Amino acid sequence: MATQESEATQATVSNGEVSSNGTAAATDGQAVQTPANAQDPQQQQQQQQAPNAWQVIKGVLFRIFIIWAISSWFRRGPSTPDPSTPAGAPRVPSRNLFPKDTLMDLYVYISQEEVFSDFNNTEALFWFHRDLVYGDWNTGENGDGCYEHYKELDIPEKVQQNGSLNIHVYFTKSGFHPDPKRKGQYRRLATVHSTRMLNKFKRRKFLKTKNLLTGETGADPEMIKRAESHGPVEVISHWHPNLTINMVDDHTAWVKGQIPSPLDQHVKFDAVSGDYYPVVYFNDYWNLQKDYYPINDTLQSLPLRLTYCPLSLWRWQLYAAQNARAPWNFLPDDTYEQNEEDQDSVKVALLETSPYLLGLTIVVSIVHSIFEFLAFKNDIQFWNSRQSLEGLSVRSIIFGVFQSLVVLLYILDNETNFVVQVSVFIGLLIDFWKITKVMDVKLDRENKIAGIFPRVVFTDKSTYVQSSTKIYDDMAFRYLSWLLYPLVGGYAVYSLLYVEHKGWYSWVLGTLYGFLLTFGFITMTPQLFINYKMKSVAHLPWRMLTYKALNTFIDDLFAFVIKMPMMYRIGCLRDDVVFFIYLYQRWIYRVDPNRVNEYGSSGADHATNSDARGETTTTTAAAITDKPEEVKKND
């Protein structure tokens, strides 16, 4: 209930796109400050919502399960044979070309070229560090084997115009140089090289919203002009002032072609010797997306803080797995940008949440997922085996379909996360399936629509029409409409006067979605009214309600422990109130054998069947007893 509504709302806010020119915040505890002139007025007006660790960890667990399920269908076959080795020849284990405690020199060059060759350009040399020890964890400024270097870079004109800026890192054994032209100082097996782009291109989408009555908008005029010249979607180069260069301390005897994914993308083998080079890994995992800021004409220089640190094998596996993309993924790049925003929430939760609370959250999240699955399972079983609709509000089921349809159209209009769209769509399909269980759905082929398409006819089931449930259901919704219609009208007028929209379609969806989010709990009251009139709750799916109630109580716990929006807390509280009313009705309406349960039968029916079986047995026994003596002898 409240959980699904809050997930859709939060996913709409965090859609993975840059909404302004950006502002650089504090970066991972580093003392790098962003230039003040890089800030955008529109982003300063927007309040950034605090990350919801509870929802984030639930989403991560769900995605882990989905990725595991999908990847099981796309297992790689046997690796392709290496053309450099004879067919069928056994592969021999290789070794690291840099043994333990090897003395190394570090060369870092900054250039616009993807392939660097200008080693004599002293301006391109950003950092040179002599006599690093491979696998040393005790030296450095803080005694952890790490070294830092900070410098501000001049911005080339091409980089200000969405050009690329690359970093070229070379590790050479002590005494050697990375320039291949220096014949006496260069050695191929003594040089490790890795390159990556420093800046990051991100999409910025401009949403043209306005007041539908006055036509005015609160957006920045400069942003409006830029949107008119560059279009609704613009790709902008962004910068982050921190980057870590990791040298993986690993001496595993890897066999070429048998390295597990995604590590095989980073281990490079020498074609002649067959040994592998040490892995140089650019680690930007803790660089939050909100700390990136755009490179524009207002910037005079780009700050860059490089950190060199050794990295263990198991930590490298964790980082590589987090940043890897499966080759069979079919999702667009926009979806990955949304996932990066979601990962930011996970990182903030790991950095700022207490370890005890974080561990408790993970455990309870697993329990919450189990309860959600059990509630889904019992809900399907309840409606699949239902024989009678006596005591159930059919109009609430129909209204639930309308509510799910509005939520789906709203998140599609706001381009929400793909995973959320799929989950809401599946929920809508289940609601449509429930319609076939509470109503008779038939195709009228005689009265076709436009003479082509058969007409779909919905009729109430006989168990619903012949009972008093339909009367109570109609009465409850009639009373409910007296309250709903004024609330919908008032909210629509408020949204039209004070909220900006993309168009009239967005205004209708936004009004309906906002109303359902705020007053959706009112739709639960018809079932309470039917229970009150029938003085019974035996017809309700109590297992499903119990699992959902337990999940609601878990939501309550974290709603007040973890910082989250007030509307979400109110949503959890309202669901608790409704469930407690259900419990109160279950307590005051005692067990009555004449009431019909969720399977359409009652205790009186069982008693009648038992009496009938008893009478049949007695009659049979009497018939046997009353047989003549001659017949008994023959028997």
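Residues numbered from 1 in each chain as written. Predicted model: local features only at pLDDT ≥ 70, side-chain atom pairs only at ≥ 80, totals over all residues. Heavy atoms only, no water.

**Observations concerning the overall build of the protein chain**
Turning to step 1, where the next piece is worked out: Within the protein chain one finds 18 helices and 13 strands.
Turning to step 2, where the next piece is worked out: Within the protein chain, buried positions represent 42% of all 635 residues.
Turning to step 3, where the next piece is worked out: Residue pairs in contact within the protein chain that sit at least 24 positions apart in sequence constitute 78% of those at least 6 positions apart.
Turning to step 4, where the next piece is worked out: On the protein chain, roughly 35,200 Å² of surface is accessible, and the fraction owed to carbon and sulfur atoms is 58%. (Helix = DSSP H or I, 4+ residues; strand = E, 2+ residues; numbered from the N terminus. Buried < 20%, exposed > 50% of the residue type's maximum accessible area, 1.4 Å probe, protein only. Contact = heavy atoms within 4.5 Å. Areas by Shrake-Rupley, 256 points an atom, 1.4 Å probe, with all protein chains shown as cover.)

**Remarks on the pattern of salt bridges**
Turning to step 1, where the next piece is worked out: Within this structure, the stated rule accounts for 10 salt bridges.
Turning to step 2, where the next piece is worked out: Of the charged contacts in the structure, one is a salt bridge between arginine 95 and aspartate 275, with a shortest N-O distance of 3.4 Å. Pair noted here: arginine 95 is in the loop between helix 3 (53-71) and strand 1 (103-111) and aspartate 275 is in the loop between strand 8 (242-248) and strand 9 (280-283), with a separation of 180 residues, a long-range link.
Turning to step 3, where the next piece is worked out: According to the relative accessible area criterion, aspartate 275 is buried, its value standing at 11%.
Turning to step 4, where the next piece is worked out: For aspartate 413, the salt bridge identified is with lysine 502, shortest N-O distance 3.6 Å. With aspartate 413 in helix 9 (residues 394-413) and lysine 502 in the loop between helix 12 (469-498) and helix 13 (504-519), this pair connects stretches of sequence that are 89 residues apart.
Turning to step 5, where the next piece is worked out: Within the structure, one salt-bridge network assembled from shared partners comprises Arg395, Asp460, Lys470 and Asp474. (Salt bridge = Lys/Arg side-chain N within 4 Å of Asp/Glu carboxyl O.)

**Notes on the packing of helix 12 against helix 14 (residues 525-534)**
Turning to step 1, where the next piece is worked out: Two numbers describe how helix 12 lies on helix 14: the axes approach to 9 Å, and their chain directions differ by 135°. As the angle between them shows, helix 12 and helix 14 are arranged oblique. Taken as a pair, helix 12 and helix 14 cross one another with a handedness that is right-handed. The residues of helix 14 that touch helix 12, namely those facing Thr469, Tyr472, Asp473, Met475, Ala476, Phe477, Tyr479 and Leu480, are Thr525, Pro526, Phe529, Ile530, Lys533 and Met534.
Turning to step 2, where the next piece is worked out: Along the lines of polarity and charge, the residues of the contact of helix 12 with helix 14 split into 10 nonpolar, two polar and two charged. (Axes fitted to C-alpha atoms, helices over the stretch in contact; angles between N-to-C directions. Parallel < 35°, antiparallel > 145°, perpendicular 65-115°, else oblique. Left-handed = near helix turned anticlockwise from the far one by under 90°. Nonpolar A, V, L, I, M, F, W, Y, C, P; charged D, E, K, R; others polar.)

**Thoughts on the sheet that holds strand 11 (residues 301-311)**
Remark on secondary structure: sheet strands pair via backbone hydrogen bonds, oriented parallel or antiparallel.
Turning to step 1, where the next piece is worked out: Spatially, 3-11-8-9 is the arrangement adopted by the four strands of the open sheet, whose pairing is mixed. Each edge of the open sheet is held by one strand with a lone partner, namely strand 3 (147-154) and strand 9. Averaged over all neighbouring strand pairs, the angle between strand axes comes to 25°, with direction disregarded.
Turning to step 2, where the next piece is worked out: Direction of pairing for strand 8 relative to strand 11: parallel, over a ladder of seven bridges. The residue of strand 11 that forms the bridge with asparagine 246 is cysteine 309. (Pairing = 2+ DSSP bridges.)

**Some remarks on the packing of helix 9 against helix 12**
Turning to step 1, where the next piece is worked out: Between helix 9 and helix 12, the shortest axis-to-axis distance is 8 Å and the interhelical angle comes to 50°. The orientation of helix 9 with respect to helix 12, classified from their angle, is oblique. Facing Val394, Arg395 and Ser396 of helix 9, the residues of helix 12 in contact are Lys470, Asp473, Asp474 and Phe477.
Turning to step 2, where the next piece is worked out: In terms of residue class, the contact of helix 9 with helix 12 is made up of two nonpolar, one polar and four charged.

**Considerations on helix 12**
Turning to step 1, where the next piece is worked out: Between the first and last C-alpha of helix 12 there are 42 Å, a value that for 30 residues agrees with the 44 Å anticipated at 1.5 Å per step.
Turning to step 2, where the next piece is worked out: Serine 481 marks the point of greatest bend in helix 12, at about 35°.
Turning to step 3, where the next piece is worked out: Among the residues making up helix 12, those that are buried are Thr469, Tyr472, Asp473, Met475, Ala476, Phe477, Leu480, Ser481, Leu484, Ala492, Ser495 and Leu496. (Expected span 1.5 Å × (residues − 1). Bend = angle between axes of the 7 residues up to and from the residue.)

**Brief notes about the packing of aromatic side chains**
By convention here, two paired aromatic rings are described through the distance between centres and the angle between planes.
Turning to step 1, where the next piece is worked out: Under the counting rule described, the total for this entry stands at 18 aromatic pairs.
Turning to step 2, where the next piece is worked out: Centroid distance tyrosine 479 to tryptophan 482: 5.2 Å. Interplanar angle 55°. Geometry classified as tilted. Taken as a pair, tyrosine 479 and tryptophan 482 lie in helix 12 at a separation of three residues, close to a single helical turn.
Turning to step 3, where the next piece is worked out: In this structure tryptophan 482 comes out as exposed when scored by relative accessible area, which is 59%.
Turning to step 4, where the next piece is worked out: For the ring pair tyrosine 494 and tyrosine 498, a centre distance of 5.4 Å and an interplane angle of 40° mean the geometry is tilted. Of this pair, tyrosine 494 and tyrosine 498 are both found in helix 12, four residues apart, which corresponds to roughly one turn of the helix.
Turning to step 5, where the next piece is worked out: Look at tyrosine 494 and you get partly exposed, because its relative accessible area is 46%.
Turning to step 6, where the next piece is worked out: Accessibility expressed as a relative area gives 62% for tyrosine 498, which makes it exposed. (Phe/Tyr/Trp six-rings, centres within 6.5 Å; stacked < 30°, edge-to-face > 60°.)

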